[in-house]
Amino acid sequence: VAEVTAYSPRCKGCTRYMYNGERPDPTKRTVAAHLPAWPIGSCVELLLPDAGWIAHTVTDTGAAIDTENKFDLLLPSQRAAKKWGRRQIAARKCA
């Protein structure tokens, strides 16, 4: 089980670029993760409510992500990120 919070590319104080140098794009299904455990480009599957297992690519890191079981999920809006909040969900390395 992993702790998954959400963020938006339009939040106040957020950077305009992710750790991998790209601009945040919520349509690409990306997450921020603890880089020693999940290097940039790694694939992690998250068990999302009402969607099942969905693969995401690690493209960023977060200041509060300090263990391999924490992720920040990129969502399209600040409203969606606030609605998501902080959840405990299943996560696994992609097959």
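Up top you'll find the structure we're talking about.
Quick summary incoming for the structure in this document.

Conventions and cut-offs
Residues numbered from 1 in each chain as written. Predicted model: local features only at pLDDT ≥ 70, side-chain atom pairs only at ≥ 80, totals over all residues. Heavy atoms only, no water. Helix = DSSP H or I, 4+ residues; strand = E, 2+ residues; numbered from the N terminus. Rg over C-alpha atoms; globule rule 2.2 N^0.38 Å. Buried < 20%, exposed > 50% of the residue type's maximum accessible area, 1.4 Å probe, protein only. Contact = heavy atoms within 4.5 Å. Phe/Tyr/Trp six-rings, centres within 6.5 Å; stacked < 30°, edge-to-face > 60°. Lys NZ or Arg CZ within 6 Å of the ring centre and 35° of its normal. Polar contact = N/O pair within 3.5 Å; in protein donor to acceptor, adjacent residues only side chain to side chain. Salt bridge = Lys/Arg side-chain N within 4 Å of Asp/Glu carboxyl O.

Regarding the overall build of the protein
Inference 1: Counting secondary structure elements, the protein contains one helix and seven strands.
Inference 2: In the protein, the succession of helices and strands from N to C terminus is β-β-β-β-β-α-β-β.
Inference 3: Over its C-alpha atoms the protein spans a radius of gyration of 12 Å, differing by no more than 12% from the 12 Å that the globule rule assigns to 95 residues.
Inference 4: Along the longest, intermediate and shortest principal axes, the C-alpha atoms of the protein span 30 × 30 × 25 Å.
Inference 5: The buried share among the 95 residues of the protein stands at 35%.
Inference 6: Long-range contacts, defined here as pairs at least 24 residues apart, represent 73% of the contacts in the protein between residues at least 6 apart.

What to know about the packing of aromatic side chains
Inference 1: Taken as a whole and assessed by the stated rule, the structure comprises one aromatic pair.
Inference 2: Pairing Trp 38 with Phe 71 gives two aromatic rings, centres 5.4 Å apart and planes at 65 degrees, and the pair type is edge-to-face. Residue Trp 38 is located in the loop between strand E2 (30–33) and strand E3 (43–48), and its partner Phe 71 is located in strand E5 (residues 70–74); the two are separated by 33 residues in the primary sequence.
Inference 3: Assessed through its relative accessible area of 7%, Trp 38 is described here as buried.
Inference 4: One residue, Arg 87, lies across the ring of Trp 84, its end atom 4.0 Å from the ring centre.

Points about the side chain of Asp 60
Inference 1: One can find Asp 60 in strand E4 (residues 52–60).
Inference 2: At 3.4 Å, the side chain of Asp 60 and the side chain of Tyr 7 are in polar contact.

Side note on the pattern of salt bridges
Inference 1: This model, assessed by the stated rule, comprises four salt bridges.
Inference 2: Arg 86 serves as the salt-bridge partner of Glu 3, at 2.8 Å between the closest nitrogen and oxygen. Note that Glu 3 is positioned in strand E1 (residues 2–7) and Arg 86 in strand E6 (residues 86–89), a separation of 83 residues in sequence.
Inference 3: A relative accessible area of 58% means that Arg 86 is categorised as exposed.
Inference 4: Note that Glu 22 and Lys 28 form a salt bridge whose closest N and O atoms lie 3.9 Å from each other.
Inference 5: Take Glu 22: its relative accessible area is 37%, and that puts it in the partly exposed class.

These results come straight from atomic positions and should not be treated as a statement about function.
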